[in-house]
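The primary structure of each chain is shown beneath.
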Amino acid sequence: VQLQASGGGLVQAGGSLRLSCAASGRTFSSYDMGWFRQAPGKEREFVAAIRRSGGSTYYADSVKGRFTISRDNAENTVYLQMNSLKPEDTAVYYCAADQGTIVSTIRKWGSYNYWGQGTLVTVSS
């Protein structure tokens, strides 16, 4: 599966952005999807994930209540709606896909075999 992330940009603190990740190639609905981010000088960290059916979602504590992950299997796209953005949300955001994640590993970037190119989100104070 090939992944193409988009939707990043510059936004003021308190604002919103919606990231999209379009997938092509194999059957999108058979993949669990995740969003990760990496800020300058920091390690890549988990943001959110959604099961292939869309029935279960997972969030990092730092974004819970502000970010929402969703997917449209008919459109082969996963979304990350980001509200109440903070300067500390500034990072390159990556979408990722894998068919074999389990609950104990879905938050770990090493569990995903397919990655998009990243989209930059900058939140100004």
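The numbers attached to residues start from 1 for each chain and follow its sequence in the written order. Thresholds applied to this predicted model are a pLDDT of at least 70 for local features of residues and 80 or more for the giving and counting of side-chain atom pairs; totals over whole chains, interfaces and linings are not thresholded and use all residues. Side-chain measures were taken over the full set of non-hydrogen atoms in the model, leaving aside hydrogen atoms and water.

**Q** Where do I start with the pattern of salt bridges in this structure?
**A** If the charged atoms of two oppositely charged side chains come close together, the side chains can form a pair. Here, a salt bridge means any Lys or Arg side-chain nitrogen found within 4 Å of an Asp or Glu carboxyl oxygen. Here the structure, examined in full by the defined rule, presents 6 salt bridges. The partner of E45 in a salt bridge is R37, and the shortest N-O contact between them spans 2.6 Å. The shortest N-O distance in the salt bridge between D89 and R66 comes to 2.8 Å. Placement of the pair is D89 in the loop between β8 (77-82) and β9 (91-98) and R66 in the loop between β6 (57-59) and β7 (67-72), with a sequence separation of 23 residues. Throughout, exposure labels follow a simple rule: accessible area from a 1.4 Å probe, protein chains only, divided by the maximum for the residue type, with under 20% read as buried, over 50% as exposed, and the rest as partly exposed. Using a relative accessible area of 1% as the deciding quantity, one classes D89 as buried. One salt-bridge network, held together by shared partners, links R37, E45, R66 and D89. Labels follow the DSSP assignment, with helices taken as runs of H or I lasting at least four residues and strands as runs of E lasting at least two, numbered in each case from the N terminus.

**Q** Just to check I follow, could you spell out the nonpolar core for this structure?
**A** The nonpolar side chains of soluble globular proteins are, as a tendency, buried together. Definition of nonpolar core: a set of buried residues of the types Ala, Val, Leu, Ile, Met, Phe, Trp, Tyr and Cys, connected through side-chain atoms within 4.5 Å. Core analysis: the largest hydrophobic core is formed by 38 residues, its most contacted members being M33, W35, L80, M82 and Y93. When checking whether two residues touch, look at their non-hydrogen atoms; a contact exists if any pair is within 4.5 Å. Apart from the residues lying within four places of it in its own chain, the contact partners of M33 are L3, C21, F28, A48, A49, I50, I69, R71, V78, A96, A97 and Y112.

**Q** How should the sheet that holds strand β3 (residues 17-24) be read in this particular structure?
**A** What links the strands of a sheet is backbone hydrogen bonding, and the strands pair in either a parallel or an antiparallel sense. Strands sit in the order β1-β3-β8-β7 across an open sheet of 4 strands; the sheet is antiparallel. Edge strands, defined here as strands with exactly one partner in the open sheet, are β1 (2-6) and β7. Direction aside, neighbouring strands of the sheet carry axes that sit 15 degrees apart on average. Two strands qualify as a pair provided that DSSP identifies no fewer than 2 bridges between them. Fitting a line to C-alpha atoms yields each axis, with helices limited to the stretch in contact; the angle taken between N-to-C directions then spans 0 to 180 degrees.

**Q** Where do I start with the packing of aromatic side chains in this structure?
**A** A pair of Phe, Tyr and Trp rings is counted when the ring centres sit within 6.5 Å of each other, with Trp represented by its six-membered ring. The angle between the planes then sorts it: under 30 degrees is stacked, over 60 is edge-to-face, the rest tilted. Taken as a whole and assessed by the stated rule, the structure comprises 6 aromatic pairs. Judged by centre distance (5.8 Å) and plane angle (85 degrees), the ring pair of Y31 and Y114 falls under edge-to-face. Placement of Y31 in the loop between β3 and β4 (32-38) and of Y114 in strand β10 (residues 114-115) is noted, with a sequence separation of 83 residues between them. Owing to a relative accessible area of 0%, Y31 belongs among the buried residues under this scheme. Looking at Y114, the relative accessible area reads 27%, which means it is partly exposed. Ring centres of F36 and F46 lie 5.7 Å apart, and the angle between their planes is 70 degrees; this geometry places the pair in the edge-to-face category.

**Q** In this structure, what is going on with the side chain of S111? I would like to understand it.
**A** Residue placement: S111 occurs in the loop between β9 and β10. A polar atom in the side chain of S111 sits 2.8 Å from the backbone oxygen of T105. Aside from chain neighbours lying at most four places away, what touches S111 is D98, T101 and T105. We define a polar contact as two N or O atoms separated by no more than 3.5 Å, with the added condition that, inside protein, one atom must be a possible hydrogen donor and the other a possible acceptor, whereas residues neighbouring each other in sequence contribute only through side-chain atom pairs.

**Q** Teacher, can you tell me more about unusual backbone geometry here?
**A** Unlike most non-glycine residues, N76 shows phi in positive territory, near 55 degrees. Following the sequence through the fold, N76 ends up in the loop between β7 and β8. For S84, which is not a glycine, the phi torsion comes out positive at approximately 50 degrees. S84 sits in the partly exposed class, given a relative accessible area of 40%.

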